[in-house]
Each structure stands twice: as C-alpha cells, then as structure tokens.
Amino acid sequence: MSAQVLDGKILAAKIKDSLRSEVEKLKKEFNKVPTMVNIVIGDDHGTCAYAKSQEKVAEYIGINYELKTVTEDVGQEQLEALVRDLNSDADVNGILIHKPVPEHIDYGSVANHIDIIKDLEGINIANIGKMVLGETKIVPCTPASIMEHIKSTGVNMRGKEAVIVGSSSIVGKPLCLLLLREFATVTVCHIGTSEAGKLEEHVKNADILIVAVGIASLIKGDLIKEGAIVIDVGINRSDNGIVGDVEYAVAKEKASYITPVPGGVGPVTVVMLMKNAIEAFKAQL
Ligand code: NAD
C-alpha cells in the first residue's frame, strides 16, 4: 500500500478560499476587515522573507497586514509599551511577535502583555489556560495546521492511538490538548522516551503519528504501523534539501496518509494564523 500524500499547498488553498469568503461577508456586514500587526525585531533577512509570505496570504484573504519593525537594541520596557499601545488601538485586531527575539528580550513577558483578545498565536499565558479548558478559538498555529491535516483525511480520531514525538510548548503540548478534544488516546514522547529505549514501541503502536523533533530520519519508515496517518512537522537541512523527521520513502509504503516535507504542515500553518486573525476580529465586533 502506498500512502495518500497530504499536500499542504492544496489544503492551504482550500482554507484560504473559505477564509476569503468569510472576510468578504464580514466586510459587507460590518464595513470593515481584520487588521493584524506583526512586530519584527531587527531586519534579519529570513524574518523579512517569512513576514513577506505572511503578508501575501493576508492580502489574498483580505486581511490588513502591518509590520512594526523595531531595532535589534529595543529594550524590554519599550517593546512592552509598544504592545500596550497596540492593545489600546481599536483599529488593531491582532498582534504577533516575530520569533526569534534577541537574547536580552524576555519573550514570555512580552507575550503576556498582549491583550488576550488580540493574541494571534495563543501565546499569552491566559490563552494557554483557556486552551486547556477548551474555552478559546485561538489555537497555536502549528498544532492547528496538524489538526487540519488529520481532519482532511476524514478519519474519526475518537479512540485512536495518537502518538506525538516532541513535547515542545509550541507543538507537542498544545497538540496533545487538541487531540484529547477529539477523544483520541494520546501518548507524548520526548527525549526521555528515547533515552529509556521506548520510542520505537510507542511509534509502532500509533494509528496517528505526529513527529516534531528536528532530527532528520529519527523515525525509521519500517516502524510505521500499517495504515497509520503520519504527520511530519520536522524541518531539517540536508544534502538533499529540506527533509522531515520521518524516513519518508519507506514510511509512505506503510502509512495510509502522510505529509511531505516541505509542503505539508508548513503552508497550512500560516493560513491558521489568518484564521486566528479573523476569530480575534469577530470577538472584537
Ligand atoms: P524543540 O527543540 O522545542 O523541541 C523538540 C522536542 O523533541 C523536545 O520535546 C525534545 O524532548 C524532543 N526530542 C529531542 N530529541 C529527541 C529524540 N532523540 N527522541 C525523541 N524526542 C526527542 O522543537 P520545536 O520548536 O517543537 O520544533 C520541532 C521541529 O518542528 C523542528 O524541526 C522545527 O523546525 C519544526 N517546526 C515546524 C513548524 C511548521 O510549521 N512546519 C513549526 C514549528 C516547528
């Protein structure tokens, strides 16, 4: 059996079109569209390229996208004051802070200054708490993208063995909560699981496997359970270009669905940011 490839570009295009119609409707009804502001620190080329790609998607959907660039030597107080200004600006519906931030900046503290209703990445500690309780529609973008991919297969997650490899605060932990909402049985593996020599047994058991570690070919293809859904979040530079954390060619022969790297989770992630911008806007109407 060869897996069906979950093409992130196709899924992203579909979601973008539906968000575009939603913004058109909102515009007709309320005579305004969402406005989001991305705070960028410094002028790193990679950061600028990423912001450009966000801007393109926002433009397509009909969202106003603004960049607020501050210099690399910006102070903590100054940055938090900027966030407070944006919080009190009624024309701004959503705020995000581009990562990485310089070492002297306490990212968590800046995140906690964002008004929870404008927190587009769901990084404010109050929004994280609300997510645990299932009380917010603003969900961190990468886990949201992963869920869209799984939902696009049409497979019911209820009672399935979902195994997440990688327990970071931006991917594994929030994803665990989203899978629980669907009544999957969730196992979260991490470096400790590998050190204990238990990673393979968990991976072999997965009906739905999500890998977000950042080590090329960490998951050997022959470990994949026959018919599993495999979502590869990893991004690794190699001699063959960008590759994921799963040994793709072998895994593809065993899985029922698999995301490619690149072109899987990534393209949908940016669209989820726009979805959050629309949710934030609606909450402020
Ligand atoms: P992180 O470094 O914050 O966390 C890595 C996790 O992997 C940790 O939980 C760690 O315990 C675990 N880990 C490390 N070595 C392991 C091993 N040998 N066995 C099992 N677990 C191990 O990483 P992150 O920020 O969550 O990112 C993970 C990967 O996902 C990276 O490659 C990153 O580039 C990629 N990523 C992609 C997107 C996207 O939209 N496509 C978004 C975010 C992250």
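Structure shown above.
Rules used throughout
Residue positions within a chain follow its written sequence, with the count starting from 1. Local features are withheld for residues below a pLDDT of 70 in this predicted model, meaning they are given only at 70 or higher, and side-chain atom pairs are given and counted only at 80 or more; totals for whole chains, interfaces and linings count all residues. Heavy atoms throughout the structure, all of them, feed into the side-chain values; hydrogens and water do not. Helical segments are the DSSP runs of H or I of at least four residues, strand segments are the runs of E of at least two, and each set is numbered from the N terminus. Remark: exposure states derive from per-residue accessible area (1.4 Å probe, protein chains only) relative to the maximum for the residue type, with buried under 20%, exposed over 50%, and partly exposed in between. What sets the accessible areas is the Shrake-Rupley method with a 1.4 Å probe; for residues, cover comes only from the shown protein chains. By nonpolar core we mean a set of buried residues, namely Ala, Val, Leu, Ile, Met, Phe, Trp, Tyr and Cys, connected to one another through side-chain atoms within 4.5 Å. Between two residues, a contact is recorded if the distance between any of their heavy atoms is within 4.5 Å. Following DSSP output, two strands are said to pair if at least two bridges run between them. By convention in this text, a residue qualifies as near a molecule or strand provided that one of its non-hydrogen atoms is within 4 Å of it. A 3.5 Å cut-off defines polar contacts: any pair of N or O atoms within that distance qualifies, except that in protein one atom must be a possible hydrogen donor and the other a possible acceptor, and neighbouring residues in sequence count only when both atoms are side-chain atoms. Any helix carries an expected span of 1.5 Å times its number of residues minus one. Regarding the arc, it is the one traced by the directions from the helix axis to the C-beta atoms. Two distance rules govern patches: like charges are joined within 9 Å, and nonpolar side chains (Val, Leu, Ile, Met, Phe, Trp, Tyr) within 5 Å, applied only to residues with over 30% relative accessible area and no salt bridge. Salt bridges are identified by distance alone: a Lys or Arg side-chain nitrogen within 4 Å of an Asp or Glu carboxyl oxygen. In this charge count, Lys and Arg are treated as positive and Asp and Glu as negative; neither His nor the chain ends contribute. Working definition for charges: the position is that of NZ of Lys, CZ of Arg, CG of Asp or CD of Glu. Note on definitions: angles span 0 to 180 degrees between N-to-C directions of axes, and those axes are lines fitted to C-alpha atoms, for helices only across the stretch in contact.

## Some thoughts on the overall build of the protein chain
(1) Moving on: Broken down by element type, the protein chain carries eleven helices and eleven strands.
(2) Moving on: Seen through its principal axes, the protein chain has C-alpha atoms that stretch 55 × 45 × 40 Å.
(3) Moving on: When the 285 residues of the protein chain are sorted by exposure, 46% land in the buried category.
(4) Moving on: Of the roughly 13,900 Å² that the protein chain leaves accessible, carbon and sulfur atoms contribute 52%.

## Structural notes on the nonpolar core
(1) Moving on: Core analysis: the largest hydrophobic core is formed by 52 residues, its most contacted members being Ile 150, Leu 179, Ile 210 and Met 274.
(2) Moving on: Broken down by secondary-structure element, the contributors of at least two residues to this core are helix 1 (8-30), helix 2 (45-61), helix 6 (141-152), strand 5 (161-165), helix 7 (172-181), strand 7 (208-211), strand 8 (229-232) and helix 11 (265-284).
(3) Moving on: In terms of residues, this core owes the most to one element, helix 11, which gives eleven residues.
(4) Moving on: Setting aside anything within four residues of it in sequence, one finds Ile 150 in contact with Met 157, Leu 179, Ile 208, Ile 210, Ile 229 and Ile 231.

## A few points about the pairing of strand 4 (residues 94-97)
(1) Moving on: Of the two faces of strand 4, the one lined by Gly 94 and Leu 96 and the one lined by Ile 95 and Ile 97 are each fully buried.
(2) Moving on: Note that strand 2 (residues 35-41) and strand 4 share four bridges and pair parallel. When the bridges of strand 4 are listed, Asn 38 appears paired with Leu 96.

## Observations concerning the environment of Ala 255
(1) Moving on: Assignment of secondary structure puts Ala 255 in the loop between helix 10 (248-254) and strand 11 (257-258).
(2) Moving on: The class of Ala 255 is buried, set by a relative accessible area of 0%.
(3) Moving on: Leave out the neighbours within four places in its chain, and Ala 255 touches Met 1, Ser 2, Ala 3, Ile 224, Gly 227, Ala 228 and Val 230.

## Examining the site of the ligand
(1) Moving on: Taken together, 21 residues lie around the ligand, and Ser 167, Ser 168, Ile 191, Ser 194 and Ile 235 are the ones closest in.
(2) Moving on: Contact distances for the ligand include 2.6 Å between a nitrogen atom and a side-chain N or O atom of Ser 194.
(3) Moving on: In the model, an oxygen atom of the ligand is placed 3.0 Å from a nitrogen or oxygen of the Ile 235 main chain.
(4) Moving on: In isolation the ligand has 860 Å² of accessible area, and contact with the protein removes 71% of it.
(5) Moving on: Of all the elements in the fold, those that place two or more residues in the shell around the ligand are helix 8 (191-195) and helix 11.

## Focus: helix 3 (residues 76-88)
Counting along an α-helix, one turn takes 3.6 residues, and residues three or four places apart therefore face a common direction.
(1) Moving on: Compared with an ideal rise of 1.5 Å per residue, which puts 13 residues at 18 Å, helix 3 spans 19 Å between its outermost C-alpha atoms and is within 8% of the ideal.
(2) Moving on: If you check which residues of helix 3 are buried, you get Leu 79, Glu 80, Leu 82, Val 83, Leu 86 and Asn 87. Down the axis of helix 3, the smallest arc covering the buried residues is 150°, so these residues share one side. Summarising the geometry of helix 3, the exposed residues directed more than 90 degrees from the buried face are Glu 77, Gln 78, Asp 85 and Ser 88.

## A closer look at a negative patch on the surface
(1) Moving on: A cluster of acidic residues, Asp 43, Asp 44, Glu 72 and Asp 73, forms a negative patch at the surface.
(2) Moving on: Tracing the sequence through the fold places Asp 43 in the loop between strand 2 and helix 2.
(3) Moving on: Judged by relative accessible area, Asp 43 falls into the exposed class, the value being 66%.

## Some words on the environment of Asp 232
(1) Moving on: Tracing the sequence through the fold places Asp 232 in strand 8.
(2) Moving on: Leaving out residues up to four positions away in the same chain, Asp 232 has contacts with Val 211, Gly 244, Asp 245, Val 246, Thr 259, Val 261 and Val 265.

## Details of the sheet that holds strand 11
(1) Moving on: Spatial strand order, 1-11-8-7-5-6: six strands in an open sheet with parallel pairing. Strands with a single pairing partner mark the edges of an open sheet, and in this sheet they are strand 1 (4-5) and strand 6 (185-189).
(2) Moving on: Judged from the four bridges that link them, strand 5 and strand 7 form a sheet pairing that is parallel. Each bridged residue has a counterpart across the sheet, and for Ile 164 the counterpart in strand 7 is Ile 210.
(3) Moving on: This element, helix 7, spans strand 5, strand 6 and strand 7 of the sheet and lies at about 170° to strand 5.

## Topic: a nonpolar patch on the surface
(1) Moving on: Nonpolar side chains collect at one region of the surface, where Ile 128, Val 132 and Leu 133 lie side by side and expose about 290 Å² of accessible area between them.
(2) Moving on: With respect to the element layout, Val 132 can be found in helix 5 (residues 125-132).

## Considering the sheet that holds strand 2
(1) Moving on: Strand order in the open sheet made by the three strands is 3-2-4, with parallel pairing throughout. Looking at strand neighbours, the two that pair on one side only are strand 3 (64-70) and strand 4, the edges of this open sheet. On average, each strand axis in the sheet is inclined to that of its neighbour by 20°, with strand direction left out of account.
(2) Moving on: Of the strand pairs in this sheet, strand 2 and strand 3 are connected by seven bridges, and their pairing is parallel. Bridge pairing links Thr 35 to Asn 64 in strand 3.
(3) Moving on: Contacts from helix 3 reach strand 2, strand 3 and strand 4 within the one sheet, and its direction differs from that of strand 2 by about 175°.

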